[in-house]
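Take a look at the letters that make up each chain.
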Amino acid sequence: MPSPQLLVLFGSQTGTAQDVSERLGREARRRRLGCRVQALDSYPVANLINEPLVIFVCATTGQGDPPDNMKNFWRFIFRKNLPSTALCQMDFAVLGLGDSSYAKFNFVAKKLHRRLLQLGGSALLPVCLGDDQHELGPDAAVDPWLRDLWDRVLGLYPPPPGLAEIPPGVPLPSKFTLLFLQEAPSTGSEGQRVAHPGSQEPPSESKPFLAPMISNQRVTGPSHFQDVRLIEFDILGSGISFAAGDVVLIQPSNSAAHVQRFCQVLGLDPDQLFMLQPREPDVSSPTRLPQPCSMWHLVSHYLDIASVPRRSFFELLACLSLHELEREKLLEFSSAQGQEELFEYCNRPRRTILEVLCDFPHTAAAIPPDYLLDLIPAIRPRAFSIASSLLTHPSRLQILVAVVQFQTRLKEPRRGLCSSWLASLDPGQGPVRVPLWVRPGSLAFPETPDTPVIMVGPGTGVAPFRAAIQERVARGQTGNFLFFGCRWRDQDFYWEAEWQELEKRDCLTLVPAFSREQEQKVYVQHRLRELGSLVWELLDRQGAYFYLAGNAKSMPADVSEALMSIFQEEGGLCSLDAAAYLARLQQTRRFQTETWA
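Calculation notes
- Every chain's residues receive numbers from 1 upward, in the order its sequence appears when written.
- Reporting in this predicted model follows two pLDDT cut-offs: at least 70 for local features of residues, and 80 or more for side-chain atom pairs to be given and counted; totals over whole chains, interfaces and linings ignore these cut-offs and use all residues.
- The side-chain figures draw on all heavy atoms in the structure; neither hydrogens nor water molecules are used.
- Whenever a carboxyl oxygen of Asp or Glu lies within 4 Å of a side-chain nitrogen of Lys or Arg, that contact is scored as a salt bridge.
- Under the DSSP-based scheme used, a helix requires at least four consecutive residues in state H or I and a strand at least two consecutive residues in state E, with every element numbered from the N terminus.
- Burial classes: relative accessible area under 20% of the type maximum marks a residue as buried, over 50% as exposed, and values in between as partly exposed (1.4 Å probe, protein chains only).
- Any two strands with at least two DSSP-identified bridges between them are counted as paired.
- Whether a crossover is right-handed comes down to one check: with the strands pointing away from the viewer, does the path from the first strand over the helix to the second run clockwise; if it does, it is right-handed.
- In a helix, the anticipated span is given by 1.5 Å times the number of residues less one.
- We call two residues contacting when some pair of their heavy atoms lies within 4.5 Å.
- Think of the arc as the fan of directions from the helix axis to the C-beta atoms.
- Axis definition: a line fitted to C-alpha atoms, limited for helices to the stretch in contact. Angles are taken between N-to-C directions and run from 0 to 180 degrees.

Asker: Just to check I follow, could you spell out the pattern of salt bridges for this structure?
Answerer: Between side chains of opposite charge, pairing is possible as soon as their charged atoms come close. All told, the structure shown has 26 salt bridges when counted by the stated rule. A salt bridge links arginine 36 to glutamate 51; its shortest N-O distance comes to 2.9 Å. Linking arginine 36 in strand β2 (residues 35–39) with glutamate 51 in the loop between β2 and β3 (53–59), this pair joins segments that are 15 residues apart in sequence. In this structure, the salt-bridge partner of glutamate 332 is lysine 329, at a minimum N-O distance of 3.4 Å. Taken together, the residues span about one helical turn, with glutamate 332 and lysine 329 both in helix α8 (residues 324–334) at a distance of three residues.

Asker: What's the story with the pairing of strand β4 (residues 91–98) in this structure? I'm lost.
Answerer: Consecutive side chains along a regular strand alternate between the two faces of the sheet. Among the eight residues of β4, eight are classified as buried, and the element is accordingly described as predominantly covered. Burial along β4 is two-sided: Asp91, Ala93, Leu95 and Leu97 and Phe92, Val94, Gly96 and Gly98, pointing in opposite directions, are all buried. Of the pairings in the sheet, the one linking β4 to strand β5 (residues 122–123) comprises two bridges and is parallel in character. Note that in β5 the partner of phenylalanine 92 across the bridge is alanine 123. Between β4 and its parallel partner β5, the chain crosses via helix α3 (residues 107–118), and the hand of that crossover is right-handed. Across four bridges, the pairing between β4 and strand β6 (residues 128–131) is parallel. Of the residues in β6, the one forming a bridge with leucine 97 is glycine 130.

Asker: Hey, could you run me through helix α14 (residues 463–474) in this one?
Answerer: An α-helical segment advances 3.6 residues per turn. Residues three or four places apart therefore align on the same side. In this model α14 runs 17 Å from its N-terminal to its C-terminal C-alpha over twelve residues, within 8% of the 16 Å that 1.5 Å per residue would give. Summarising burial for α14: eleven of the twelve residues are buried, a large majority. Check the buried side of α14 and you find it contacts β13 (382–385), β14 (396–402), β18 (453–456), β19 (480–486), α15 (496–504) and β21 (545–551). Immediately beyond the C-terminal end of α14, within one or two residues, lies glycine 476, with a positive phi of roughly 75°.

Asker: Would you explain helix α17 (residues 532–541) in this entry?
Answerer: The set of residues buried in α17 consists of Gly532, Val535, Trp536, Leu538 and Leu539. The arc enclosing the buried residues of α17, seen along the axis, measures out at 165°, which places them on a common side. Buried residues along α17 sit against β18, β19, α16 (524–530), β21, α18 (555–569) and α19 (575–587). One or two residues past the end of α17 sits glycine 543, with phi positive at roughly 65°.

Asker: I would appreciate a short explanation of the sheet that holds strand β7 (residues 176–180) in the present structure.
Answerer: Consider a sheet: its strands pair through backbone hydrogen bonds, and that pairing is either parallel or antiparallel. Taken in spatial order, the three strands make up an open sheet running β7-β11-β12, and their pairing is antiparallel. Edge positions in the sheet fall to β7 and β12 (293–294), since each of these pairs with one other strand and no more. Alignment of β7 against strand β11 (residues 273–278), held across five bridges, turns out to be antiparallel. What sits directly across from leucine 179, in β11, is methionine 275.

Asker: Mind showing me how you'd approach the sheet that holds strand β17 (residues 433–439) here?
Answerer: Pairing is antiparallel in the open sheet, where six strands are placed in the order β13-β10-β17-β8-β9-β14. In the strand order of this sheet, the two ends are held by β13 and β14, each with one partner. Put simply, the sheet's adjacent strands are angled 40° from each other on average, direction ignored. In this sheet, β13 lies alongside strand β10 (residues 247–250) in antiparallel orientation, the contact comprising four bridges. What sits directly across from leucine 249, in β13, is alanine 383.

Asker: Can you walk me through the environment of methionine 213 in this structure?
Answerer: Residue position: methionine 213 is located in strand β8 (residues 209–218). Its relative accessible area of 5% is what places methionine 213 among the buried residues. Put simply, methionine 213 and arginine 261 are 48 residues apart on the chain and 28 Å apart in space, counted from C-alpha to C-alpha. In this view, methionine 213 contacts Ile231, Glu232, Phe233, Leu422, Leu425, Pro427, Val432 and Val434; residues no more than four positions away in its chain are not counted.

Right, here's the structure in full:
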């Protein structure tokens, strides 16, 4: 009996779930199993009823939400009308990736596992709970789970006799071959696939809109520790429309200095043109790459050379290395026993792919170009809350960007790829265009004219609320309450003049918290408690909606705690009833959050 096709489906926000899924694909091929690896939302979900063997790899984001690329699948799989025998022919396993410092640790994986059982699927193994907080990261749970998985799968579907496993040191064939061209073809020009003004379909990841940047202005004081930018784009004729709470995705590029260094270390000619050819019939070329493509375009716009490499990078690099000493070290870094040392070398100091390749120069110089797309992940788009409303700024889109820069033990400061790239663009020096597209965010605001909204947005978390306030004021919606937190009134009080003008017009009640202006630090949760009777009155008597946006670390828990104490002190509820009241607000979408790590 021929072995069935194994299907690996992933829901990934930051790329970890995709990386684990591709590892599963490689391990399956080494065991001579046919395997497809796909993002959940690119898979026709109705076909699941015909799949005999599926591994689901899914991350949990924010407050227990599924990643963006599995939201459509999530809605489908929880439809009430699906029969309890829908998946009775399927063997499945669920691998979860989460962070145990969050309340809803691996919530998506646990819930999916239960749902697949309800629909008649047979679980090969208990759900795997990968944990970012473990000193060895998710691999501490993933490695032993995968060993058990392959035992189960090969027990059910043994490989054909006479076909041995491909040993770990032997590289698998590359996904693509690069066919180098001797000269530029006479037709067709290199460039990104882009949505042109006036085109029928709205811009998307495969066809972004190249938006002209109008302005790029620093909005923090010159002595403030953080550079924060207000950036405005012209979207006239793009077909883009958005509402308050929506998100813009921006596709960044690598710096010219990094591209040049990478080409030097690998001995690549940046002007060399090539055609990309998939080896397998069911693999398609990335839509973001033009055909033909130059090496410069590939490295500048596609390969994420500034990211911190994952263990899989070291595994493949070890396979490709011809230098004995370097290969030995790479094998150590890719082994289960070497994970602590790898963490110290790579993850803790946030060493990048480019820096690792510079540390292994003999190996880097011998990398076959065919393996570049297997070795280095694609640059992922970055999401930003839209900070303006089309009702106030027609044909314009604004974002508030904190430029990420920090020091580790490495000499060179660590920089966020997208925020640093955006900050470096100066429309005053000539035209600047940025590839972008828009998608719905997780915040939705009430349309009724007299429903109050309480918005809590410390730091750049205030961005979506500026869009909401502009939209609501333009529509004549009253009852806008904004709790804004920053360090200093004169350094990082974003849009101070705009808020004061709206206050004068009775369109907004602003409650600022300046954390560093007094001995005791004052945050937004302290201001909420001070105005507990108003918050309770708005929520309980006036049916207000409550919104929270900003850094996901401790702020959401602190704000929830402040609300719980308000419900007890002002509403007279016991702690159990206060928790139930908060849960009810969440279930009815009257308490919404948008947080990021």
